[in-house]
Amino acid sequence: MNSVGFVGLYIFMLAAFAGWVIIGRVPAILHTPLMSGSNFIHGIVVIGGLIGLLDAASVAEQAAGFVAVLLGAGNAAGGYAVTGRMLAMFQTSAPEPKRRKAHHSATRKPEKV
Amino acid sequence: MLIMTSQWLIGLVYFFAAFLLIFGLWRMSSPVTAAGGIHVAGWGMAAAVIVSFLYVFSVSEAARPHLPVNVSLALVALLLGGGAAWWSGRKAAMTAMPQMVAIYNGMGGGAAAAIAAMELFGGRVFDLSALAGTLFGALIGAISLSGSLIAWAKLDGRINKPLHMKGLQLINALLMLVTLCVGAWLMVVMHAEHGSLNGVLWLIGVFFGCALLFGVLMTLPIGGADMPVVISIYNAFTGLAVGLEGFVLQVPAMMIAGMLVGAAGVLLTLLMAKAMNRTVAHVLFARFGGQPVRKGAAIVGELKPTAASDAGVAMRYANKVIIVPGYGLAVAQGQQKLYEFVKLLQAHGVLVRFAVHPVAGRMPGQMDVLLAEAGVPYDLIFQLDDINTDFADTDVVLVIGANDVVNPAARSDKASPIYGMPILDVDKAHHVYVIKRGEGKGYAGIQNQLFYAENCNMVYGDAQAVLVKMIEAVRGLG
């Protein structure tokens, strides 16, 4: 393994520590958005699919690349959509303008289970 | 020149995208900044996707004639996959969040596995470390894909019964062994042949097939209540797979984001298992129902049903009230009525707070989201550690559709299956009202001593209907 490979290992190690520390700070009240949010973060896989697909030279590569981009885009877009929706709901009762927003969502009709 | 500029620009944008993704997660440490955090992360992701198209300037000689087709395929896949997922994500109900997370996570795992397949088909990886990264990423990506799909089907109520089969664990172990052997063989052969596909195509097929099958068989025996832990594990798997494929493609942004989620998933999994009083190994390799049913200590006292209106009036004249919501509240869609009742109490000067157990709902934090959806401000919502000592000087506690998480047997009864689980000390309050549909037991299948306690009254009925009666009773007082 050359030094480039080892740089990869260093990146992995530091990112793992960063992830552990960052997630440890998140309060339990946000654990569901956190799960879907971290789910969204690994949607970055879509750029790997794009890089491979643009460089595809055979039908097999094109097929696999198409699937990779399709699924990766779904991961990123879906993860972002649900996380954004959930986080927008968290309102505080302290400042006035935000309070009105909270009341607004309280009067919305309940969603289907 | 064009190639160099585009490469430089791609590198720069990827760097900022990675920064924004990490920064977005960092902002999630408080409900105040979290919504802004996910937006900046979204911008980072969008920029990374757009700038990726600059790779058209630096594709290999062999790919050049296919470029128009490849670009069209990429655009169609982006619009189709992104559009469908966006649409489903916008319209999904908040109660359906666990299965939505499962399905999006499975997509990410599948994408990582597909990238691995693409790399293998292209014959570009023959270095041993790159081959190892590709194959290992493919393995966990594929397991995450099929496992998440099964988890989704279970959470969505499409598969209702956990699979109970004798010797399944042995079959799984053998399957894993076969997969690893095929992978090792693939590595040796492809390394020796410099990435040539001659004679190994079927091996690649067997490798992916085994990995997918393993994900299915590993998830099928796990019960629905343990699914959140499983989703969290698969979330970590997908992150790891994405990181490994990033290593092979030499894209540090993917390595960092993938590994970040990998570590986050492990931490969340451990937190969750602890709150559920289970070990991760227990969730994966044993079944709740498989244990011999242990009987808890004998129950003393009797159930004392009372009218909803009496309970409502009692809270109106209390000073301090704590509400403990469980998933039964969401099933009855009673969150809106509950907050209406709370606002009524607040108008009469009652101090009302919500106490949420870490595993209330079907995934950690889901109850908080459901309350927030109904408009409850987050500064009224308290977590177990922050409020548990306050129960002793609370006048009235209202428990709605929760059972095991308020069972005092977890503290005192060593014979109880939930012994040791962190619970809300509701029984210490001056008075407790429990809204419950009937006399049934909780998920763990055990009786709850709290319900028979001297200071506890039961209010039977659908949570929403009961809350409506409570509101009427308090309004009737003027």
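Position labels on residues start from 1 in each chain and follow its written sequence. Here the convention is simple: chains get letters from A, ligands get numbers from 1, in the order in which they are written. In keeping with the model being predicted, local features are shown solely for residues with a pLDDT of at least 70 and side-chain atom pairs are shown and tallied solely at 80 or more, while totals for entire chains, interfaces and linings include all residues. Derived side-chain values reflect all non-hydrogen atoms in the structure, with water molecules and hydrogen atoms excluded from consideration.

1. Some words on the overall build of chain A
For the record, the criterion: Under the DSSP-based scheme used, a helix requires at least four consecutive residues in state H or I and a strand at least two consecutive residues in state E, with every element numbered from the N terminus. Only heavy atoms matter for contacts: two residues are in contact if any of them lie within 4.5 Å across the pair. Residue exposure ignores everything except the shown protein chains as possible cover, and the areas themselves are Shrake-Rupley values with a 1.4 Å probe.
When you go through chain A residue by residue, the secondary structure sums to 5 helices and 0 strands. Starting at the N terminus and walking to the C terminus, you meet the elements of chain A as α-α-α-α-α. Within chain A, counting contacts between residues at least 6 apart in sequence, those at least 24 apart form 59% of the total. Approximately 4,500 Å² of chain A is accessible, and the part contributed by carbon and sulfur atoms is 69%.

2. Observations regarding the domain arrangement of chain B
Residues and elements named next belong to chain B. Quick note on the threshold: Domain start and stop points were drawn from an automatic or database domain assignment. A 1.4 Å probe defines the accessible area here, and the buried area is the portion of it lost by two parts on being joined, summed over both. What counts as a salt bridge is simple: a side-chain nitrogen of Lys or Arg found within 4 Å of a carboxyl oxygen of Asp or Glu. N or O atoms closer than or at 3.5 Å make up a polar contact, with two conditions inside protein: a donor-capable atom paired with an acceptor-capable one, and, for residues adjacent in sequence, both atoms drawn from side chains. Amino acids are sorted into nonpolar (Ala, Val, Leu, Ile, Met, Phe, Trp, Tyr, Cys and Pro), charged (Asp, Glu, Lys and Arg) and polar (every other residue, Gly among them).
In terms of domain boundaries, chain B breaks down into domain 1 (1–91), domain 2 (94–292) and domain 3 (308–475). For domain 1 and domain 2, the distance between their C-alpha centroids amounts to 24 Å. Listed per partner, the contact involves 8 residues of domain 1 and 7 residues of domain 2. Counting each side, the surface lost to burial between domain 1 and domain 2 is near 620 Å², with a carbon and sulfur contribution of 84%. One can count 0 salt bridges joining domain 1 with domain 2. Scanning the region where domain 1 abuts domain 2 turns up 3 residue pairs in polar contact (both at pLDDT 80 or more). Among the elements of the structure, helix H1 (2–26) and helix H3 (67–91) are those that each provide at least two residues to the side of domain 1 that touches domain 2. When residues of the side of domain 1 that touches domain 2 are assigned to their parent elements, the largest contribution, 5 residues, is made by H1. Tallied by class, the residues present in the side of domain 1 that touches domain 2 amount to 6 nonpolar, 2 polar and no charged.

3. Some words on a nonpolar patch on the surface
We apply this condition: The patches reported here contain residues having more than 30% relative accessible area and no salt bridge. Joining distances are 9 Å for like charges and 5 Å for nonpolar side chains (Val, Leu, Ile, Met, Phe, Trp, Tyr). Relative accessibility thresholds used throughout: buried, under 20% of the residue-type maximum; exposed, over 50%; partly exposed, between the two (1.4 Å probe, protein chains only).
Taken together, the side chains of Phe6, Leu9, Tyr10, Met13, Leu14 and Phe17 of chain A make up a nonpolar region of the molecular surface, amounting to roughly 670 Å² of accessible area. Given a relative accessible area of 57%, Phe17 of chain A falls into the exposed group.

4. Quick look at the nonpolar core
All names here are of chain B. To be explicit about the condition: Note on terminology: a nonpolar core comprises buried Ala, Val, Leu, Ile, Met, Phe, Trp, Tyr and Cys residues joined through side-chain atoms within 4.5 Å.
Counting residues in each nonpolar core, the largest one holds 197 residues, and the members touching the most others are Tyr14, Val324, Val426 and Met470. For this core, the leading source of residues is helix H4 (residues 97–121), giving 15 residues. The residues touching Met470, leaving out its near neighbours within four places in the chain, are Ala308, Ala311, Gly312, Met315, Phe341, Leu398 and Ile435.

5. Considerations on the UniProt feature "transmembrane region" (unreviewed entry) in chain A
All names here are of chain A. Heads up, the condition is: UniProt positions are given in the numbering used here, feature names are shortened, and annotations may be inferred rather than shown by experiment.
Per the UniProt record, "transmembrane region" (unreviewed entry) is annotated on residues 6–28, 40–60 and 66–90. Secondary structure within residues 6–28 divides into 83% helix and 0% strand; the distance between the first and last C-alpha atoms comes to 36 Å. Along residues 66–90, the helical share is 96% and the strand share 0%, with 37 Å between the first and last C-alpha atoms.

6. Observations concerning the interface of chain B and chain A
Counting from both sides, the interface comprises 116 residues of chain B and, opposite them, 88 residues of chain A. Three residues, Met28, Met45 and Met118 of chain B, lead the burial of chain B against chain A; their summed loss comes to 7% of the area buried on that side. Taken together, the connections running from chain B to chain A amount to 1 salt bridge. Between Arg124 of chain B and Glu61 of chain A there is a salt bridge whose closest N-O contact spans 3.4 Å. Here the element with the most residues in the side of chain B that touches chain A is H3 of chain B; it accounts for 17 residues. Residue classes in the side of chain B that touches chain A are distributed as 80 nonpolar, 29 polar and 7 charged.

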